[in-house]
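Single-letter residue listing:
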Number of protein chains: 2
Amino acid sequence: IPPGRAEPVTTPEVERLLDCMKWDANGLVVAIAQHVDTGAVLMQGFADRDAVSATLASRRATFFSRSRQCLWTKGETSANFIHVVDVFLDCDRDSVIYLGSPDGPTCHTGEETCYFIRADDVVSGGLQYAKENKLQVLTSLYSLEKVIRNRAEEGETAVVAAGKTPPAKPSWTRKLLSNPELLCAKVREEADELCRTLEESEGKDRVASEMADLLYHSMVLLSLQGVTLEDVAKVLRGRFPLSGIEEKNSREGTS
Amino acid sequence: IPPGRAEPVTTPEVERLLDCMKWDANGLVVAIAQHVDTGAVLMQGFADRDAVSATLASRRATFFSRSRQCLWTKGETSANFIHVVDVFLDCDRDSVIYLGSPDGPTCHTGEETCYFIRADDVVSGGLQYAKENKLQVLTSLYSLEKVIRNRAEEGETAVVAAGKTPPAKPSWTRKLLSNPELLCAKVREEADELCRTLEESEGKDRVASEMADLLYHSMVLLSLQGVTLEDVAKVLRGRFPLSGIEEKNSREGTS
Ligand SMILES: [Zn+2]
Ligand SMILES: [Zn+2]
Ligand SMILES: [Zn+2]
Ligand SMILES: [Zn+2]
Ligand SMILES: [Zn+2]
Ligand SMILES: [Zn+2]
Ligand SMILES: [Zn+2]
Ligand SMILES: [Zn+2]
Ligand SMILES: [Zn+2]
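The present account deals with the structure reproduced in this document. (Residues numbered from 1 in each chain as written. Chains lettered and ligands numbered in written order. Predicted model: local features only at pLDDT ≥ 70, side-chain atom pairs only at ≥ 80, totals over all residues. Heavy atoms only, no water.)

On to the packing of aromatic side chains. To describe a pair of aromatic rings, one takes the distance between the centres and the angle between the planes. Residues and elements named next belong to chain A. This model, assessed by the stated rule, comprises six aromatic pairs over all chains. Ring pairing ties together the aromatic residues F63, W72 and Y98, which thus form one cluster. One cation-aromatic arrangement involves R60 over F81; the distance from NZ or CZ to the ring centre is 3.8 Å. (Phe/Tyr/Trp six-rings, centres within 6.5 Å; stacked < 30°, edge-to-face > 60°. Lys NZ or Arg CZ within 6 Å of the ring centre and 35° of its normal.)

This is the structure in structure tokens:
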């Protein structure tokens, strides 16, 4: 048994949880590992009773391998554990989410998540094309972050490869990335515009629009300094007691 | 057949995609519906070849019901469809994510997502307690949003129920919620502090910390005006071509 493999530990209370879950004919439920800060679905496996109790006891995402017919803890060989903050069951209790923080890339290919094959890419260009394209599943804010990062990398390429003519009309993002003074002026301006939506009761659409402006410009500033939204979400998770029992206790606290 | 049920439509290219997927003994893969803006895992079901091709053709999340042994489109009876923006396969192609935008609550119980039974709540208080607690799975930023909303609701309760003595020491969040001038001053100040991390090269930790300050205070301002991070993410998704082919084309564009 690899030293990193978590052990199932149960108490009568944990048995009560396991007894209320709906196990399939093979004694399994679907188990989804999700990144607590970014929301990325990292991987999907299956869990038996031992995998769920091992996860709860160790707070490391643990699954049942259908191919090897045994328990395995994500990271037991790679040391890239997924530290589980919370576990949720779905309404009919045949599916669980392990909400956690990964030590490193989850996929054995080195990708952040296992979901990097885009169906439309397979349809248009075939499996090999889609695999090489490695387009990770990303939700809106993280897609925007990637768009900004792409612009930054194009900028670097343009500088390094002097022979390559830069695009005729630089994008607004590239302009901001290359002009810190303009960028800071915009961040301050957008914060001011967001405040004025409240001060002048400009309505919900304007609030959402100005917050989008502020977020976008702030994210360009983050990107320029090599900081990610994930870093920021992690800071906030450390500051606020964000889930479960802690959240309730905090309602008597000072946050 | 319900009128809202999507129909499987294939082309040779779609067949090529279906042929490269790894179907289990029952001809199924796990299918996870995820909210494109918030990242919330909405529900998990299964998909056969018809369900995947119906989803791709209709762009509405469609599953194979194991209990009824038939195709079903989420929303075919409730009209709460999940409009699919993108579909991803995992590395071994036996699991798909339908990344989409739901018309309303996904769970038949009226909850936003099906994952509202917290395992630790079942362990500590039993299934009934956990079900009534309805603690939805939430990632960091959305947990913080909920903490802020809870503070706002406490404030309202305190005003309405005049008999109830308010907490001795109001939290910082409640203070901000009750003082728009202070709140706007803080948003402007935090934007300024974020800019100074760049202007004075204060280092990554300070950048993340100041962005966390700015985000938190902006979210209080949003909450006060009934606007959510989801609204903001949706605005950004509308502005930026955020995924797949559009994202690539946009690299020659103006964003
Ligand atoms: Zn279920
Ligand atoms: Zn670790
Ligand atoms: Zn993988
Ligand atoms: Zn603006
Ligand atoms: Zn898989
Ligand atoms: Zn609709
Ligand atoms: Zn449900
Ligand atoms: Zn300050
Ligand atoms: Zn600050």
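For helix α7 (residues 180-199) of chain A, spanning 20 residues, the distance from its first C-alpha to its last is 28 Å, which sits close to the expected 28 Å at 1.5 Å a residue. Considered for burial, the residues of α7 of chain A that qualify are L183, C184, K186, V187, E190, A191, E193, L194, C195, T197 and L198 of chain A. Among the structural elements, α6 (172-177) and α8 (204-224) of chain A together with α7 (180-199) and α8 (204-224) of chain B are those in contact with the buried residues of α7 of chain A. Downstream of α7 of chain A by one or two residues, S201 of chain A has phi in the positive range, about 45°. (Helix = DSSP H or I, 4+ residues; strand = E, 2+ residues; numbered from the N terminus. Expected span 1.5 Å × (residues − 1). Buried < 20%, exposed > 50% of the residue type's maximum accessible area, 1.4 Å probe, protein only. Contact = heavy atoms within 4.5 Å.)

Residue and element names in this part refer to chain B. Within the first shell, the zinc ion (ligand 8) binds the protein through E189 (OE), E190 (OE), E193 (OE) and E193 (OE), at distances of 2.3 to 2.8 Å. For the zinc ion (ligand 8), the four donor atoms in the first shell make angles of 48 to 120° at the metal, so the coordination geometry reads as irregular. Mapped onto the sequence, the residues coordinating the zinc ion (ligand 8) show the spacing E-E-x2-E. Here the zinc ion (ligand 8) and the zinc ion (ligand 9) are spaced 3.5 Å apart, with E190 acting as a shared donor. (Donors = N, O, S within 2.8 Å, 3.2 Å for Na, K, Ca; no water. Tetrahedral: all angles 85-135°; square planar, octahedral: opposite > 155°, others 65-115°.)

A word on a negative patch on the surface. Together, E112, E230 and D231 of chain A together with D205 of chain B make up a region of like negative charge exposed at the surface. One can find D231 of chain A in helix α9 (residues 229-239). When its relative accessible area of 32% is taken as the criterion, D231 of chain A is described as partly exposed. (Patch = residues over 30% accessible without salt bridge, like charges linked within 9 Å, V, L, I, M, F, W, Y side chains within 5 Å. Areas by Shrake-Rupley, 256 points an atom, 1.4 Å probe, with all protein chains shown as cover. Salt bridge = Lys/Arg side-chain N within 4 Å of Asp/Glu carboxyl O. Lys, Arg positive; Asp, Glu negative; His and termini not counted. Charge placed at Lys NZ, Arg CZ, Asp CG, Glu CD.)

Before going further, it helps to spend a moment on the coordination of the zinc ion (ligand 9). All names here are of chain B. Every protein donor of the zinc ion (ligand 9) is listed here as E190 (OE), E193 (OE), E210 (OE) and D213 (OD), and their distances to the metal cover 2.0 to 2.1 Å. Coordination at the zinc ion (ligand 9) comes from four donor atoms whose angles at the metal span 83 to 178°, giving a geometry best classed as irregular. Between the donor residues of the zinc ion (ligand 9), the gaps in sequence give the motif E-x2-E-x16-E-x2-D. You can call E210 buried: its relative accessible area is 3%.

Our focus in this paragraph is the sheet that holds strand β2 (residues 41-47) of chain B. Read from one edge to the other, the open sheet built from five strands follows the order β7(A)-β5(B)-β6(B)-β1(B)-β2(B), with strand pairing classed as mixed. Looking at which strands have only one partner, the edges of the open sheet turn out to be β7 (117-118) of chain A together with β2 of chain B. Examined bridge by bridge, β7 of chain A and strand β5 (residues 82-89) of chain B share two bridges and lie antiparallel to one another. In the strand pairing of β5 of chain B, R118 of chain A is matched with F88 of chain B. (Pairing = 2+ DSSP bridges.)

Taken as rigid bodies, chain A and chain B are interconverted by a rotation of 180° and an axial shift of 0.0 Å, the fit giving an RMSD of 0.0 Å. Both chain copies can therefore be described as sitting about a two-fold axis. By C-alpha distance to the rotation axis, the residue of chain A lying nearest is G39 of chain A, at 2.5 Å. Taken as a fraction of all interface residues of chain A, those also at the interface in chain B reach 100%, which identifies the copy contact as same-surface. (Least-squares fit on C-alpha atoms with pLDDT ≥ 70 in both.)

Next up on the list: the interface of chain A and chain B. Facing the 116 residues of chain A at the interface are 117 residues of chain B. Overall, the association of chain A and chain B removes approximately 9900 Å² of surface from exposure, summing both partners, and the carbon and sulfur fraction of that is 64%. It is F88, C91 and L198 of chain A that lose the most area in chain A upon contact with chain B, and together they represent 6% of the buried surface on that side. The interface formed by chain A and chain B contains ten salt bridges. A salt bridge links D86 of chain B to R118 of chain A, with the shortest nitrogen-to-oxygen separation between them at 2.8 Å. At the boundary of chain A with chain B, the tally comes to 36 residue pairs in polar contact (both at pLDDT 80 or more). (Buried area = accessible area lost by both parts, 1.4 Å probe. Polar contact = N/O pair within 3.5 Å; in protein donor to acceptor, adjacent residues only side chain to side chain.)

Counting 99 residues, the largest nonpolar core has L17 and Y98 of chain A together with L17 and Y98 of chain B as its most contacted members. Grouped together as the second largest cluster of nonpolar side chains are 60 residues, L183 of chain A together with L144, M211 and L215 of chain B included. (Core = buried A, V, L, I, M, F, W, Y, C linked by side-chain atoms within 4.5 Å.)

Our next topic: the pattern of salt bridges. For the structure on display, the rule yields 38 salt bridges over all chains. The residue E111 of chain B makes a salt bridge to K134 of chain B at a minimum N-O spacing of 3.6 Å. With a gap of 23 residues between them, E111 of chain B in the loop between β6 (95-102) and β7 (117-118) and K134 of chain B in the loop between α4 (127-133) and α5 (140-160) connect regions that are remote in the sequence. Judged by relative accessible area, which is 13%, E111 of chain B ranks as buried. Accessibility expressed as a relative area gives 42% for K134 of chain B, which makes it partly exposed. One salt bridge in this structure joins R206 of chain B and E210 of chain B, with 3.1 Å as the shortest N-O distance. With R206 of chain B and E210 of chain B both in helix α8, this residue pair falls four residues apart, about one helical turn. Its relative accessible area of 37% is what places R206 of chain B among the partly exposed residues. Shared partners join several salt bridges into a network, and the residues in it are R59 and D86 of chain A together with R118, D120 and D121 of chain B.

Okay, the sheet that holds strand β1 (residues 29-35) of chain A next. Reading across the sheet, the five strands line up as β2(A)-β1(A)-β6(A)-β5(A)-β7(B) and stay open at both edges, with mixed pairing between neighbours. One side of each edge strand has no neighbouring strand; the edge strands of this open sheet are β2 (41-47) of chain A together with β7 of chain B.

Further remarks concern helix α1 (residues 12-19) of chain B. Helical periodicity: at 3.6 residues per turn, an α-helix aligns residues three or four positions apart in one direction. If you check which residues of α1 of chain B are buried, you get V14, L17 and L18 of chain B. Projected onto a plane normal to the axis of α1 of chain B, the buried residues spread over an arc of 95° and lie on a single side. Exposed residues pointing more than 90 degrees away from the buried face of α1 of chain B are listed as P12 and D19 of chain B. Its buried side turned inward, α1 of chain B meets α3 (119-125) of chain A together with α2 (49-58) and β5 of chain B. (Arc of directions from axis to C-beta.)

Attention now moves to the environment of Y142 of chain B. Residue and element names in this part refer to chain B. Along the chain, the position of Y142 falls in helix α5. Accessibility expressed as a relative area gives 11% for Y142, which makes it buried. Those residues in contact with Y142, other than ones at most four positions away along the chain, are D37, T38, L229 and E230.

Even without being a glycine, R93 of chain A presents a positive backbone phi close to 60°. Here A79 of chain B, not a glycine, exhibits a phi torsion of approximately 70°, which is positive. For A79 of chain B, the location among the structural elements is in the loop between β4 (70-73) and β5.

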